[in-house]
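So the chains spell out like this:
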Amino acid sequence: MNELRGRITKDGIRIYEDADFAGMRAAGQVAAEILDAVAPLVKPGATTAELDAFITAEVTRRGVISATIGYKGYQHASCISVNHVVCHGIPGGKVLADGDILNIDVTVIVDGWYGDTSRMFAAGTLPRKAERLIEVTHEALMRGIAAVKPGNTFGDIGFAIQAYVEANRMSVVRDFCGHGLGRVFHAPPNVLHYGRAGSGPVLEEGMFFTIEPMVNLGRPETKVLADDWTAVTRDKSLSAQYEHSIGVTATGCEIFTLSPADKFFRTWE
């Protein structure tokens, strides 16, 4: 892939080199390990501030950098989004109750490379409707990832996700999307989780980006609260999200943020 060295596509998407995969792999694994480590602390009675404090300590202990502390004024090492919070939930005094579901999103910088991932957690006994939402969201992510290979398009990713979610009578959030990353936190392209097959930029070996569908039990509309961060479902329906960072390979893709403990999908088991 040397001929791709330093190239930017006509859509503004950076093409990385073979050697860069190692940097992304290392950063992704640290982020995944931190989410593995916090899982046992997610239980009724815990606060989201306590979970974030643990994540902050893990970042420090590992000698890496939190990408979110100080980002546009944000002051936490994680976003923790509970129940009807779609994304960007701010850790605080919220006490987890039995049956709560939550997404924990962590991004770390390791030797200049960004590892970005999130997954769903459950406090106590998981209600069936919440469990089904989580199952559909995870499967939607994996179907989106399965569409990643050179020659396909970003529209193929969005179509795979949207078709599966809507077939299960749930909705895909339109207001937020995945993004390119690498040696920067956010870069082109915007990775939409809905769309038309065959549309959008063509996938090429060496592209790095996140796929992170947000799925609602109710309608897709969201609103951002007065804190300018927390996004919630307008109809107060439950929302779930899973996120992987990936790199396009010659034959498909590599997932950089796989759980070393195989706890990405069902963290509570």
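Predicted, not measured: the structure shown is a model, and the values here were computed from it.

The three strands are arranged S6-S10-S13 in an open sheet whose pairing can be described as antiparallel. Since the sheet does not close on itself, it has two edges, and those belong to strand S6 (171–172) and strand S13 (239–241), each with one partner. Sheet topology places strand S10 (residues 214–216) next to S13; three bridges connect them, and they run antiparallel. The residue bridging valine 215 from the neighbouring strand is alanine 240, located in S13.

Residues Phe208 and Thr210 line one face of strand S9 (residues 208–211) and the alternating positions Phe209 and Ile211 line the opposite face, and both faces are buried. Where S9 and strand S14 (residues 244–248) come together, four bridges link them in antiparallel fashion. Of the residues in S14, the one forming a bridge with phenylalanine 208 is glycine 247.

For the rest of this paragraph, the subject is unusual backbone geometry. Only a minority of non-glycine residues have a phi that is not negative, and only a minority of peptide bonds are not trans. Looking along the chain, the bond that leaves proline 188 and enters proline 189 is cis, with omega of 10 degrees. Following the sequence through the fold, proline 189 ends up in strand S8 (residues 187–191). Positive phi outside glycine occurs at aspartate 262, with the angle close to 55 degrees. Its location among the elements puts aspartate 262 in the segment after strand S15 (253–255).

One finds Ile157, Phe209 and Ile211 to be the most contacted residues of the largest nonpolar core, which totals 36 residues. Breaking this core down by element, the ones donating at least two residues are strand S5 (113–122), helix H3 (128–146), helix H4 (154–167), S9 and S14. In terms of residue count, H3 provides more of this core than any other element does, seven residues in total. Contacts of isoleucine 211, omitting those with residues within four sequence positions, involve Leu141, Gly144, Ile145, Val148, Ile157, Ile161, Val191, His193, Tyr242, Glu243, His244 and Ile246.

Definitions and limits used
- Residues numbered from 1 in each chain as written.
- Predicted model: local features only at pLDDT ≥ 70, side-chain atom pairs only at ≥ 80, totals over all residues.
- Heavy atoms only, no water.
- Pairing = 2+ DSSP bridges.
- Helix = DSSP H or I, 4+ residues; strand = E, 2+ residues; numbered from the N terminus.
- Buried < 20%, exposed > 50% of the residue type's maximum accessible area, 1.4 Å probe, protein only.
- Core = buried A, V, L, I, M, F, W, Y, C linked by side-chain atoms within 4.5 Å.
- Contact = heavy atoms within 4.5 Å.

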